[in-house]
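Commentary on secondary and tertiary structure
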Amino acid sequence: MRKYIKKKIKSDNFNPFLHFAAVFTIIFLVMTIIIIQIMRLGLYSSTDNSLKKARAVVPAYIQMTMSRTTVVTSDDYDEPLVINPGKINPNDNLAAALDVIVYDADGNILNPFDAYSEFSYVGLKKSELNSIVKKNLLNAYGHSETYRSLTLEVSDLSYPQVRYISFLASTRQLDEAFDRYVQVVVRVMIIFWFISVITSVYLAKWSRRPIIASYEKQKAFVENASHELRTPLAVLQNRLETLFRKPNDTILEHSESIAASLDEVRNMRLLTTNLLNLARRDDGINPKIEPITPVFFDDIFHNYELIAEESGKQFRSTNTLEHTIKSDKVLIKQLMTILFDNALKYTAEDGEITIAVSHKDRRLMIKVSDNGPGISDTNKSKIFDRFYRIDKARTRQTGGFGLGLSLAKQIVEAMNGKIIVKDNMPKGTVFEILL
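Our subject in this report is the structure included herewith. (Residues numbered from 1 in each chain as written. Predicted model: local features only at pLDDT ≥ 70, side-chain atom pairs only at ≥ 80, totals over all residues. Heavy atoms only, no water.)

**Digging into the packing of aromatic side chains**
This is how the line gets drawn: Here the aromatic set is Phe, Tyr and Trp, taking the six-membered ring for Trp, and pairing holds for ring centres within 6.5 Å; pairs whose planes are under 30 degrees apart are stacked, those over 60 apart are edge-to-face, and all others are tilted. The secondary structure listing takes helices from DSSP runs of H or I that are at least 4 residues long and strands from runs of E that are at least 2 residues long, numbered from the N terminus. Note on exposure labels: buried denotes an accessible area under 20% of the residue type's maximum, exposed denotes more than 50%, and partly exposed covers the range between, all computed with a 1.4 Å probe on protein chains only. By the criterion adopted, a ring carries a charge over it if an Arg CZ or a Lys NZ lies within 6 Å of its centre and within 35 degrees of its normal.
Evaluation of the coordinates by the stated rule reveals eight aromatic pairs. Look at Phe315 and Phe340: their rings are 5.7 Å apart centre to centre, the planes differ by 90 degrees, and that puts the pair in the edge-to-face class. Taken together, the residues span a long stretch of sequence, with Phe315 in strand β6 (residues 314-319) and Phe340 in helix α7 (residues 329-345) at a distance of 25 residues. Residue Phe340 is classed as buried on the basis of its relative accessible area, which comes to 3%. A network of ring pairs unites the aromatic residues Phe301, Tyr304, Phe315 and Phe340 as a single cluster. Above the ring of Tyr44, the side-chain terminus of Arg148 is found at 4.8 Å from the ring centroid.

**Regarding the pairing of strand β10 (residues 418-423)**
Side-chain direction in a regular strand flips from residue to residue, so the side chains alternate between the two faces of the sheet. Let me state the cut-off plainly: Being paired, for any two strands, means DSSP has found at least two bridges between them.
With six bridges connecting them, β10 and strand β11 (residues 429-434) associate as antiparallel partners. Each residue of the ladder has a partner; that of Lys422, found in β11, is Val430. Between β10 and β11, which follow one another and run antiparallel, lie five residues, and Gly428 among them has a positive phi close to 115 degrees.

**Structural notes on the nonpolar core**
One broad rule of soluble globular proteins: the nonpolar side chains tend to lie buried together. Rules: Throughout this description, the term nonpolar core refers to a set of buried Ala, Val, Leu, Ile, Met, Phe, Trp, Tyr and Cys residues connected via side-chain atoms within 4.5 Å. By definition, residues are in contact when any of their heavy atoms lie within 4.5 Å.
Of all hydrophobic cores here, the largest spans 39 residues; its most connected members are Phe297, Ile332, Met336, Ile355, Leu364 and Phe431. Elements with a minimum of two residues in this core: α6 (294-310), α7, β8 (352-360), β9 (363-370), α10 (404-414), β10 and β11. The element best represented in this core is α7, accounting for nine residues. Once residues within four sequence positions are removed from consideration, Leu364 is found in contact with Phe297, Leu321, Ile325, Ile332, Val357, Ser358, Ile433, Leu434 and Leu435.

**With respect to the sheet that holds strand β4 (residues 164-170)**
Let me state the cut-off plainly: Orientation is described by lines fitted to C-alpha atoms, with helices fitted over the stretch in contact, and by angles between N-to-C directions that extend from 0 to 180 degrees.
Spatially, the four strands line up as an open sheet ordered β1-β4-β3-β2, and their pairing is antiparallel. Each edge of the open sheet carries a strand with a single partner, namely β1 (98-103) and β2 (132-138). Recorded for the sheet is a direction-independent mean angle of 30 degrees between the axes of neighbouring strands.

**Examining the pattern of salt bridges**
Cut-off, in case you're wondering: Each salt bridge in this description consists of a side-chain nitrogen of Lys or Arg and a carboxyl oxygen of Asp or Glu lying within 4 Å of one another.
Summed over all chains, the structure comprises nine salt bridges. Between Arg148 and Asp48 there is a salt bridge, with its nearest N and O atoms 2.8 Å apart. Of this pair, Arg148 sits in strand β3 (residues 144-153) while Asp48 sits in helix α2 (residues 14-54), and the two are 100 residues apart along the sequence. Judged by relative accessible area, which is 16%, Arg148 ranks as buried. You can call Asp48 buried: its relative accessible area is 15%. With a shortest N-O distance of 3.5 Å, Glu176 and Arg172 are connected by a salt bridge. With Glu176 and Arg172 both in helix α4 (residues 172-245), this residue pair falls four residues apart, about one helical turn.

The structure is reproduced here in structure tokens:
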């Protein structure tokens, strides 16, 4: 078990897991604190509002409290206490749930309580004036009672001996409910925290997948590029070493070797050009939109016809565009050239290549067809991968590197289009592009 834990800690997924777990922990901790504070405010808001409302009708509370007292004399005063048992105004909206304590200037309680009352020994704290505070009092049974209180300094002409008044509202039931809610919230948050830990494990693996996939593609790309460059370099090295060993021979005697070397140089130049284009496209393709007339495609087709004629192959073109369109001339020409060059390589002598350009549903459609050997269903999903070639030996002879279709797909995606590979009947392949 210890080895397994050490292995997991040292794995590449552990650091992302820690980051995700830490983020989720902070989120749930902050959420718990916020929820508890909101519940606290919600539970005590009604009680606090009652205390605040009592501030507006202090004289009524003094009158009600003093009219209930049975003590009419006091050793602290030269004259007996004045009792005015007047009627309470119903418009004062006195809260029945509030307990009231009145004090004189020295902090003595003027309204006596039962000996067993927890209010009998509540002292006056002038530091708590004008603010709502929480109080814990012990009742006659030794149980703690919680209250929220508000103490005010008053001046009432009817009762000049009253200088301070405290309003107390019992919150024991609210506190018990609050404690239950807190327990529920904490348990729920702990459950979801454990779920977040499991989620962190999944996210750590999931977040690394594109990185690993990108790394593997880059690694394969470098390996394939190195392999493609190794072959022409080896050929060049052998040819040059042969020439070096025979310094007295003439150029004519080694014309075949020189020609083969030049072919390999051309292949290397084509490969490095394609690699450079792919590297640039990986940084992002930004199409430059400009007007394109139908004549633009006719000029391209004329050049393709000359190239096909030199290769001993037939070329047919169809251009049904009637109006000017807006797109990227350079990218469209590069895209069509890649597909035309691809069809040229994979059709036999006397092969036929057809390119049709049309306008369909506010989209430009380009269709490139050939009557070559065709592409199997298995290979159709792979031909857009870099350096993928169906027949590596044959493409080496024709100068193919498996980069053209990959670049073509990048161009199509940059122009928010799609490319589809179909079978041509009775044989061959059709590349259909919608831009």
